[in-house]
Structures are given as structure tokens and as C-alpha cells.
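Results of the structural survey
Here is how the chains run, residue by residue.
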Amino acid sequence: MSKKWVFLFEEVNEVEKERGSWNAVRLLLGGKGANLAKMASLGISVPPGFTISTEACNEYYKVNEKFPEGMWDQTMVALKHIEEKTGKKVGDTVNPLLVSCRSGAAQSMPGMMDTVLNIGLNDVTAQAMIKLTNNERFVYDSYRRLVQGYACIVLGLKDEIFEKPLEEYKKEKNMKFDNELTAEDWKVMTEKFKKIVIDHGKEFPQDPIEQIRLSIHAVFASWNSDRAKVYRKKANIPDDLGTAVNIVTMVFGNMGEKDSGTGVAFTRNPSTGEKALYGEFLFNAQGEDVVAGIRNTDPIVSLETKIPEAYKKFIEESQRLEKYFTEMQDIEFTVERGVLYFLQTRDGKRTARAKVKIAVDLVEEGLITKEKAILRVSPDDVDTLLHPQFNEKSQEEARKSGKLFAKGVAASPGAAVGRIYFEADTCEKKVKEENQDVIMVRTFTKPDDVHGMLVSKGIFTNQGGATSHAAVVARQFGIPCVVGASATIIDQENKTVRVGDILLKEGDWVSVDGTTGEIFACKLETIKPDLTKQVELTKLLSWADEICAKEGMRSGENMPSKGLQVWANADYPADAKRARMFGAKGIGLCRTEHMFLGDRSLILRKFILAKEEKEKQNALAELQALQTKDFEELFVEMTGLPVIVRLIDPPLHEFLPTLTDLIEEVSTLRAKGVEDKDKENLLTNVKEMHESNPMLGLRGVRLSIVKPELVQMQITAVFEGACQAKKRGFEPIPEIMIPLVSHIAELKQIQPELEKVAAEVLKKYELDIKYKFGTMIETPRAALTGGEIAHLAEFFSFGTNDLTQMTFGYSRDDAESGFLMRYLQLGVLPENPFKSIDTDGVGKLIRMCVTEGRTQRPGMDIGICGEHGGEPRSIKFASDVGLTYVSCSPFRIPIARLSACHALLK
Ligand code: PEP
Ligand code: MG
């Protein structure tokens, strides 16, 4: 007996039992098939049908694009079943059965694959349908759609060869919209379309079974169309999932203006997440019309007055579906002469903002757990929410000065600024070859435009509504988008778009606001958004912190008891404030050399160049006063939380002019006969301090040992600042971090000396402040001798930037802009190790060091403060290794908090 390839909707519960999970059912029947069958089993009105499995599709590709053995026979048996259920028969001259043939993969790929509608119509069954429905217009409209759809999808002809004659016909007859065409008109068009097919050397089969057979072939083939492949790559969908094929009894939304139509609705607003039905309806229309965005639609509430029974039922059933699937649903439905049918339900695509709001709301409605909500939001979503928005002031000014070009439906929020281009290929070229910021402009988008859409910063269209193709794709990928900007006149041929007197040409700048639906004919300024205003995100992240803390408690030996925390790399009080607002639990790295920038570098320069001790001391005193104030404010902002202050790290010549600049300057002066003593002196010093490999030279702890006065001054300033803050009633927790250690002897040399300075300051103020001395682990030798180093160091912080540089032997300043890119292109390395931790190499050193360190000093705090601290995969690694915290830039803190929780839950 051959394998079972075909499944009736009625069989879904058995399949679920047999396959063991709903996920397995979706993999087998595809999302559309599984959900249609589930709806039918829940007693929701679904037209009878069956599904040919994704396994059949994969087998089809294995056996040279032939139906697998037994599949066609099983299809015929299933078709018989539908005939019995509906009392209709394929090809019947009295009561013919018409079906659709719909694609549907396990993960939804909106509009990427093909669907053929109205299969079963031919010259004979059309007459039967006219008798049955008494609606000749409807029948010919459906028939011409079949010819057109079949020709394009199965026979591979172009849509334009049908659309153009239709447009010409309408023009001739002075008509604007499709719904103005009469029965006679559609009859003429049907004949015309059939002739077009023949003129192109193809054949439209009159045999309904042949129509079904070839449509199934075409749907299988559409799994491997170029656009489907591009989409899968972007959406990370594996190529071997395959599509299922659903054969479903046709119901007709084009059976009359008053009581028929077709709609698409989301159970919640996919743009904002608000709990309100959101959708569109087209009266007297069929299938793809709404999704394609080809005609402007009515809002879904218009059903309430026009077909109240169907509306009421739709509301009830759609809410039932949302509860059943515990997710916002995106539903396609049809009303045929007042009777409602559900044609599809799936988890709705939504913006990052809506994702967060819906997840939080569903927890509060008791439908899902906090853990589930957290897993439904990705670090990229949080990143999107922290993306720039337009500065309201500059936007208001642009409105006042007449720069507002057009308004449309706010389909996908966010701010985008770029140059306009009118074709998908051009958009792609401008981005890939010229690195331009691009805004795609189209009358409406189609699945073939996806490659251009995905590289664009923003999109706007002249037609279509909130569920049109452009809107759905843009929302899914977080691309700001405005659709249905109907005041615009787009001349696709000449590549211009006009509103009134304003004419924009290809390459002109615009700003698209997907939140308000506005398009501006200028470049607008953007700003970072305010996290405190994002109530749901704040709540979700606080749940993430709670879970991390709770799970952390449960972790095994050698683990800290707090769970992985997120700290911040912050150098100034303003950064610290932002970090705290974003939820940092401490400062993991304050790079004190950043406090010596700007005018202060001149004071440091005085110290570096001083010949006399007095000069040196004066410069140090000047720096100390400034640094004390800096630290005091930092401790005030971070009161009650640890602040890790790293002693000066870079080579001192970074604070002096470069050797080449100086040589040029002094030579020019000399050539002019000018003798500048200061410059000559500076040149001598810079020459003396020059190093061939400064990153491996006099920096970090080496500098502290060679020039202890500078770090002694820093320690004094830290503890003076802490005492001042304490006196003001704050709770400073200073932790001193010594950089770039590679041997315990270095710590032995400098740490006691510095501890003495700290103790003296505290004694002077008679204050008791808790503090620690720890070290960065940035060299392989330090990592290899973590046990020894932990004798003195009370905490470790992995400086993974330097540790990566030194483990690979790559100069991080040169590699990323040089050979590393080539390495990645060639696949020599799978990943940039400066971006995501190299777990096999650098990670191995980290693991060893953590184990040795905590064996020597149980429960010691250990973190990561290199750039990796804000990167989701490195955070997962940090969590697995049992680190105390990751420290990252303030703007990445929300992303890191979510990632830290994902690391525990996944
Ligand atoms: C590091 O090396 O990872 C680090 C945080 O220090 P810096 O980047 O300042 O060298
Ligand atoms: Mg470093």
C-alpha cells in the first residue's frame, strides 16, 4: 500500500494524535491546511476540503517533479468525498463542484506561493452555474478569473497580457472600476482571455480534472519560485519544509453587491497591538482582491450594518479562534449571499510594537504565561522599538512649510529617510552597489517586488489598505510603510510621483512616517525613542528580570545566586542615568580615559610632558579635582548599585598628536625659518614614546606600574568622589578594575599600593564604604592562570575585545576594516569573532578561567564587558557559563535583558 499523502479536514484530530503534537500536524499539512481542518473540527463554518501533505511536495521534488506514487489516486478519492459532502460533482452539467487549489507551508509566507481559484469552470459548467445562480455576471467574472489565474500560474503567462486589455476595454466603455462591468462585458472578456492564451501558444483545458491536476503541479512548483526562495532566506525558513496543497470547495464573494464579499481581518491591530478588530472588506469581490491591495476597500465595520448576521457571527468565531490558538489571528473569510465562511486563519504578522503589546495583554488576559510572552518577542523586535523616530519639532516645521507631500494608511510604523526608486530591481541595485538609503515607491506591491522591499529603508504605495501585500510584508520585517496614499500620481514609466505642483523624480529624498501615515518631500531629522513611554516593553522586561533572578537561584554549584544580570558600559553621569532607566543593575565598565577627552587632554598632556615634579603634581591636582566631581556624580546616579571603574588603559601617546602630523607641522615651520620650541619638544617626546605595536605596548596595568602617580590620582578621585556622594546621603559602591593583566605578579606589584591609597581617603573622611579590587581578563595568559589571579582579584571582567584580539592574534583596529570581511565572504570564518563570541576558542579560555577563578574564590562576580556583552548569542554563552552579568552600551540594555531571559528559557 502506498503512503498516505492526502488528508481530509475531518481527519485532523486523528493526525494530531498520531503525530503527537500540533506542531507536527502543521509541518505535515502546512499552516493553512492544519488550521482549516482544526476550524472545521471546532465546528466553525469552513467549506469542505482536503490537504495534500508537505511530504508529498518534498517527494515530488525527489522524484523529478512527478506526483509520488498513490498521491493522485488518493486525491481522486478525497475529491469524491467532497462531492458527497456538498452534493455537487466535478464537471456536472447541473450542479458542478468548483474548487480552489491553495498553497500553504508550515510557516506562513504571505503571497509568496500560488493559488488557483474557480477550478472546474468550463464552457459547459459555466452554463450550469448560470442556471443555478441566475447570475450570469458572477459566473463570467469567475470564469475569466479562472482563465487568467490558470494562465498565469499554471501556464506561466504574464498578468499584464490580461490586465492591459481589461483596462483598455474599461476605458473604451468609460468605466473606472471592475464592478461596473456587466455580465455581457465579462462574457466578452472571458472569450478574449481564452483567445489570449491560445495566441500565446498555450491551452486552457476544458477538463476540470486536468485543471486540478495541473494546478497541483503549479502549486508544488511555486515552492521553488525565485520570490519564495528570497523570502525564505530573509525569514529564515528552511528550504526543505515544502508546501502543502489544499483543495477546498469554492464559496463566492462575488455573488452580489449587497450580501456577498470577501474580507481579511486581524483580531487585534497588527500595527499597534490594540485589542480591536482590524480589517477590510470588499463587497462583491473574490479571493485575492483584498490581499493584493488592487482595489481600495471598506473598513470591516461596514459589514455590521450591511450584513449584520454575518458580522455578528464573524466577531464571535474570530474571538473563539484567538482564544483557541492563544494568539492574534489573521483571518480570511467570504460571505456568500449572507452566509459566512472562514477560508483561513493563522497567527497574524505584526510590528514589533504590536508584538510586545499583544504578548503582554495575553498574559494579563490569562491566556499565556509570562515565559511564553517573553519568548514571543525577539531581541531584534526590541532593537526595532529602540530605532529612531522623527523629531516631532522638525516634523511639525515640515508640515507648516508645505513639505508634507501626501498622507496614506499608516501600515508599518517607524521613521525612514531615503531616496525614491520605482522598481524593485533598481532599489536592490542602489542599495547593494551604491549603498544608498532607498525608499520604494509603487502603485501597489506584488510578491515579485519582495527583494526590493526587503532592502528598502521605507515603502510607500498609492493603492491598497492595511492588509495589502505591501503592508503585511513591511510589518513583518519592520520596514516603515505607508500604503494607499491616493493623492499621489505615480508615473511608473517616467519614474516620477506627483501631488499637485510637487513633482518628485527618481533619486529625490523623502521621509516616510509609518506611524502617522505621512510622506514628506524632504529629509527629516530622527531621534532615539523614550523607553519609559513604552509601558508594555518595560513590563515585559521586568518579567524577564524576575525570571532570570528566579532561575539563577536554581542554578548549580559554582554559579552566582543572582542569575545573569545586565550592567552597563557608561563613562559619564548622563550615560549612567540612561543605563539605569534602561534597567542596568550596575556599571560594568567606566572607561576612565574617556574622562580625559576634549579640553582635559591638554591637562593630561601637561602631566605627560612635565619635566619638573612640581609641574607634574600641578597637572595631577587639576585632573584629580575634575575626576572627583565626575565620580561623585556617577555614584549619585548609580546609588546602591556597583560601579566598576577601570583605571586608565590606553597608551599615553593617544593623548598627544600623532608622529606623522607633528613631523609635517615642524618641517613646515622649519622650512619657513620658524623655530617653535614647544613643538620641537613635543616632537621629541612623541618620538620617544612611539611604539611599533601600541596595542601590545605600554598600556593597561603596565602603565599603572610604570607611572603609578596617574592611577594613584585616579584612586584618590574615585574614593574622594565616593565620600562626597556618601556625605550627600547616597550609597556609592566603587569597584576598582585593573586592566590588561597577564601575570599575577603585576597585581602583586600595584594592587596593595592602590588599596593603601583608598584606605587613606576613607580614613580621612572616617567613612565606611564597601569596595572591591578586581581585574580584567583580556590576555590569554590571564585566562589560563585565573586561579592564581583570583588570589588577589576579588572579581573578574572579561574584556572580550582584547581577549579576542589576542587569542586570534588579529589587530582589532585593522581586521574588521580589512581582511576579516574577506574571510567572512569566503566562509573562512563563519562569524565575526569581534561581534559574537568565538565559543570554541575564546569561549574555552573563558570557561577555564571561570572554573579556576571560582574554585579559588567561590561565588566571585564575573562578567563580560567587551562589545559582546550586548549580543544575543554571546549573552546565551555568558548565561551557560554562569557569569554574573554582561555589560553593554546603555542602548543595548533592553535587548540584553530579553536575551538573558531567552538564554535561560530556550
Ligand atoms: C575589552 O577589551 O573588551 C574592553 C572592554 O576594553 P577596551 O575595549 O576598552 O580595550
Ligand atoms: Mg580592553
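The structure presented is a predicted model; accordingly, all values stated were derived computationally and were not measured. (Residues numbered from 1 in each chain as written. Chains lettered and ligands numbered in written order. Predicted model: local features only at pLDDT ≥ 70, side-chain atom pairs only at ≥ 80, totals over all residues. Heavy atoms only, no water.)

Scanning the chain from N- to C-terminus turns up 37 helices and 31 strands. Counting only C-alpha atoms, the chain reaches 110 × 70 × 50 Å along its principal axes. Of the accessible surface of the chain, which amounts to about 38,500 Å², a share of 50% is contributed by carbon and sulfur atoms. Taking the average place of the 120 positive charges on the side chains of the chain and the average place of its 132 negative ones, the gap between the two points comes to 2 Å. (Helix = DSSP H or I, 4+ residues; strand = E, 2+ residues; numbered from the N terminus. Areas by Shrake-Rupley, 256 points an atom, 1.4 Å probe, with all protein chains shown as cover. Lys, Arg positive; Asp, Glu negative; His and termini not counted. Charge placed at Lys NZ, Arg CZ, Asp CG, Glu CD.)

What follows concerns the site of ligand 1. Surveying the vicinity of ligand 1 reveals 14 residues, the closest of which are Arg 591, Gly 799, Asn 801, Asp 802 and Arg 812. Within the side chain of Arg 646, an N or O atom sits 3.0 Å from an oxygen atom of ligand 1. With respect to ligand 1, the side chain of Arg 812 contributes an N or O atom lying 2.7 Å from an oxygen atom. Relative to its unbound accessible surface of 290 Å², ligand 1 loses 94% to contact with the protein. (Near = heavy atom within 4 Å. Polar contact = N/O pair within 3.5 Å; in protein donor to acceptor, adjacent residues only side chain to side chain.)

Taken together, Glu 778 (OE) and Asp 802 (OD) make up the full set of protein donors to the magnesium ion (ligand 2), lying 1.9 to 2.1 Å away. Here Glu 778, found in the loop between strand 28 (772-777) and helix 30 (780-784), pairs with Asp 802, found in helix 32 (residues 800-808); they are 24 residues apart in sequence, far enough to count as distant. Residue classification places Asp 802 among the buried residues on the basis of a relative accessible area of 2%. (Donors = N, O, S within 2.8 Å, 3.2 Å for Na, K, Ca; no water. Buried < 20%, exposed > 50% of the residue type's maximum accessible area, 1.4 Å probe, protein only.)

This paragraph deals with the UniProt feature "binding site: substrate" (unreviewed entry) in the chain. Per the UniProt annotation, the sites labelled "binding site: substrate" (unreviewed entry) are Arg 591, Arg 646, Glu 778, Gly 799, Thr 800, Asn 801 and Asp 802. Tracing the sequence through the fold places Arg 591 in strand 25 (residues 587-591). Mapped onto the fold, Gly 799 is located in the loop between strand 29 (795-798) and helix 32. Exposure remark for Gly 799: the relative accessible area of 4% places this residue in the buried category. If near-sequence neighbours (up to four positions away) are discounted, Gly 799 is found in contact with Met 776, Ile 777, Glu 778, Cys 865 and Gly 866. (UniProt positions renumbered as here; feature names shortened; annotations may be inferred. Contact = heavy atoms within 4.5 Å.)

Quick look at the nonpolar core now. In terms of nonpolar packing, the biggest core is built from 122 residues, with Ile 715, Ile 738, Phe 796, Phe 798, Ile 846 and Leu 883 touching the most fellow members. Looking at this core, the element that brings in the most residues is helix 28 (residues 708-727), giving 10 residues. Among all residues touching Ile 715, those that are not within four sequence positions of it are Leu 647, Ile 736, Leu 754, Val 757, Ala 758 and Phe 773. Formed by 84 residues, the second largest nonpolar core is a distinct cluster that contains Cys 57, Met 109, Leu 146 and Leu 241. (Core = buried A, V, L, I, M, F, W, Y, C linked by side-chain atoms within 4.5 Å.)

Attention now goes to helix 32. Most of helix 32 sits inside the fold, with 7 of its 9 residues counted as buried. Of the residues making up helix 32, those classed as buried are Thr 800, Asn 801, Asp 802, Leu 803, Thr 804, Gln 805 and Met 806. Phi turns positive one or two residues past the end of helix 32, at Gly 809, with a value near 75 degrees.

Here we take up the sheet that holds strand 3 (residues 99-105). With antiparallel pairing, the 5 strands of this open sheet are ordered in space as 1-2-5-3-4. The open sheet has two free edges, formed respectively by strand 1 (6-8) and strand 4 (115-119), since each of these has just one partner strand. Taken pair by pair, the neighbouring strands of this sheet meet at an average axis angle of 20 degrees, ignoring direction. Bridge analysis of strand 3 against strand 4 gives 3 bridges, and the strand direction is antiparallel. Residue pairing across strands places Val 99 opposite Ile 119, the latter belonging to strand 4. Here helix 2 (residues 22-41) sits on the sheet in contact with strand 1, strand 2 (49-52), strand 3 and strand 5 (243-249), set at roughly 125 degrees to strand 3. (Pairing = 2+ DSSP bridges. Axes fitted to C-alpha atoms, helices over the stretch in contact; angles between N-to-C directions.)

Here we take up the packing of aromatic side chains. A complete count under the given rule lists 25 aromatic pairs for this structure. When the ring of Tyr 810 is compared with that of Tyr 823, the centres are 6.5 Å apart and the planes differ by 85 degrees; the resulting orientation is edge-to-face. Here Tyr 823 lies in helix 34 (residues 819-826) and Tyr 810 lies in the loop between helix 32 and helix 33 (812-815), a separation of 13 residues in the sequence. For Tyr 823, a relative accessible area of 29% translates into the label partly exposed. Among the aromatic residues, those joined into a cluster by ring pairs are Tyr 60, Tyr 61, Phe 67, Trp 72 and Phe 220. Over the ring of Phe 7 we find Lys 4, and its NZ or CZ is 4.8 Å from the ring centre. Over the aromatic face of Trp 509 sits the side chain of Lys 523, whose NZ or CZ is 4.1 Å from the ring centroid. (Phe/Tyr/Trp six-rings, centres within 6.5 Å; stacked < 30°, edge-to-face > 60°. Lys NZ or Arg CZ within 6 Å of the ring centre and 35° of its normal.)

This part covers the side chain of Ser 394. You can see Ser 394 is positioned in helix 17 (residues 392-400). Classification of Ser 394 as buried rests on a relative accessible area of 14%. Excluding residues that lie within four positions of it along the chain, Ser 394 makes contacts with Leu 524 and Glu 525.

When the UniProt feature table is mapped to this numbering, "active site" (unreviewed entry) covers His 469 and Cys 865. Their sequence span is 397 residues, while the largest C-alpha to C-alpha distance among them is 42.9 Å; these annotated residues do not converge on one region. Of note, His 469 is situated in helix 20 (residues 469-476). We classify His 469 as buried; its relative accessible area is 6%. Side chain to side chain, His 469 and Thr 445 meet in a polar contact 2.8 Å long. By the element assignment, Cys 865 lies in the loop between strand 30 (861-864) and helix 36 (872-881). Given the relative accessible area of 1%, Cys 865 is considered buried. Ignoring sequence-local partners within four residues, the contact set of Cys 865 consists of Asn 569, Gly 588, Leu 589, Met 737, Met 776, Ser 797, Phe 798, Gly 799 and Ser 887.

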